[in-house]
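# What the coordinates show
Given next are the chains, with one letter for each unit.
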Amino acid sequence: MHNLTKAEAAARAQLIDTAQYDIEFDFTAPGDTFTTRTSVVFDAKAAAETFIDCIGDVQGVWFNGAELTGTVSPGRIGLPLIEGRNAVIVVSTHEYHSDGQGIHRFVDPETGKTYLYSQYAEADARST
């Protein structure tokens, strides 16, 4: 898994204008995982290669309306940008955490109620 470097962040900032994110969480599955569907729409100043971060089990990636295959590496999904408007959808499964990072799930043994907790630090966003 790679952490985003300052140089990579600066290069991506020069390439991409404002992005709009829509993230849907599905916490209904029993067990130790949950699913997310993340949509990102953004404008690229030029055609280029870049990536989006995702730490989890990637189920599928759709970029500009077409399914992408072979573009996922640990923590990153490669994106072949076109100049202008781009859209990416990532569906992925993630594990609950108990170390204060990401999303924690707890089932109260007395009431049977399920509780979710997250500090949702920006550095942990790619893992949830």
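Residues numbered from 1 in each chain as written. Predicted model: local features only at pLDDT ≥ 70, side-chain atom pairs only at ≥ 80, totals over all residues. Heavy atoms only, no water.

Here we take up the confidence of the model for the chain. The predicted coordinates ought not to be read in detail in places where the model reports low pLDDT. A residue-level look at the chain finds 91% of positions with pLDDT of 70 or above and a mean pLDDT of 88. Averaged pLDDT values over the elements of the chain bottom out at 77 in strand E6 (residues 72-73) and peak at 96 in strand E2 (residues 33-44). (pLDDT = per-residue confidence, 0-100. Helix = DSSP H or I, 4+ residues; strand = E, 2+ residues; numbered from the N terminus.)

What follows is about the sheet that holds strand E8 (residues 84-95). Spatial ordering of the open sheet is given by E1-E2-E8-E4-E5, a layout of 5 strands whose pairing is antiparallel. Edge positions in the sheet fall to strand E1 (16-26) and strand E5 (66-68), since each of these pairs with one other strand and no more. With strand direction ignored, the average angle separating the axes of adjacent strands in the sheet is 20°. In this sheet, E8 lies alongside strand E4 (residues 57-63) in antiparallel orientation, the contact comprising 6 bridges. Bridge pairing in E8 places Val61 opposite Val90. (Pairing = 2+ DSSP bridges. Axes fitted to C-alpha atoms, helices over the stretch in contact; angles between N-to-C directions.)

Glycine aside, negative phi is the norm for most residues, and most peptide bonds take the trans geometry. In the Ramachandran plot, Asn64 falls in the positive-phi region, its phi being about 50° despite a non-glycine side chain. Inspection of the secondary structure puts Asn64 in the loop between E4 and E5. The exposure class of Asn64 is partly exposed, given its relative accessible area of 34%. (Buried < 20%, exposed > 50% of the residue type's maximum accessible area, 1.4 Å probe, protein only.)

Pairing in this open sheet of 3 strands is antiparallel, and the strands run E3-E7-E6 from one edge to the other. Both outer strands of the open sheet, strand E3 (48-53) and E6, are each paired with one neighbouring strand and no more. Relative to strand E7 (residues 76-81), E3 runs antiparallel, the two sharing 6 bridges. Following the sheet pairing, Phe51 is matched in E7 by Gly78.

With that settled, the discussion passes to the nonpolar core. With 16 residues, the main nonpolar core has Phe42, Ile77, Leu79, Leu81 and Val88 as its most contacted residues. Listing elements by their share of this core, those giving two or more residues are E2, E4, E7 and E8. Apart from the residues within four sequence positions on either side, Ile77 is in contact with Thr50, Phe51, Ile52, Cys54, Val58, Val61, Thr71, Val72 and Val90. (Core = buried A, V, L, I, M, F, W, Y, C linked by side-chain atoms within 4.5 Å. Contact = heavy atoms within 4.5 Å.)

Here the structure, examined in full by the defined rule, presents 5 aromatic pairs. These aromatic residues form a ring-pair network of at least three members: Phe25, Phe27, Phe34 and Tyr96. Above the plane of the ring of Phe51 lies Arg12, whose end atom (NZ or CZ) is 4.7 Å from the centre. Above the ring of Phe51, the side-chain terminus of Arg76 is found at 3.9 Å from the ring centroid. (Phe/Tyr/Trp six-rings, centres within 6.5 Å; stacked < 30°, edge-to-face > 60°. Lys NZ or Arg CZ within 6 Å of the ring centre and 35° of its normal.)

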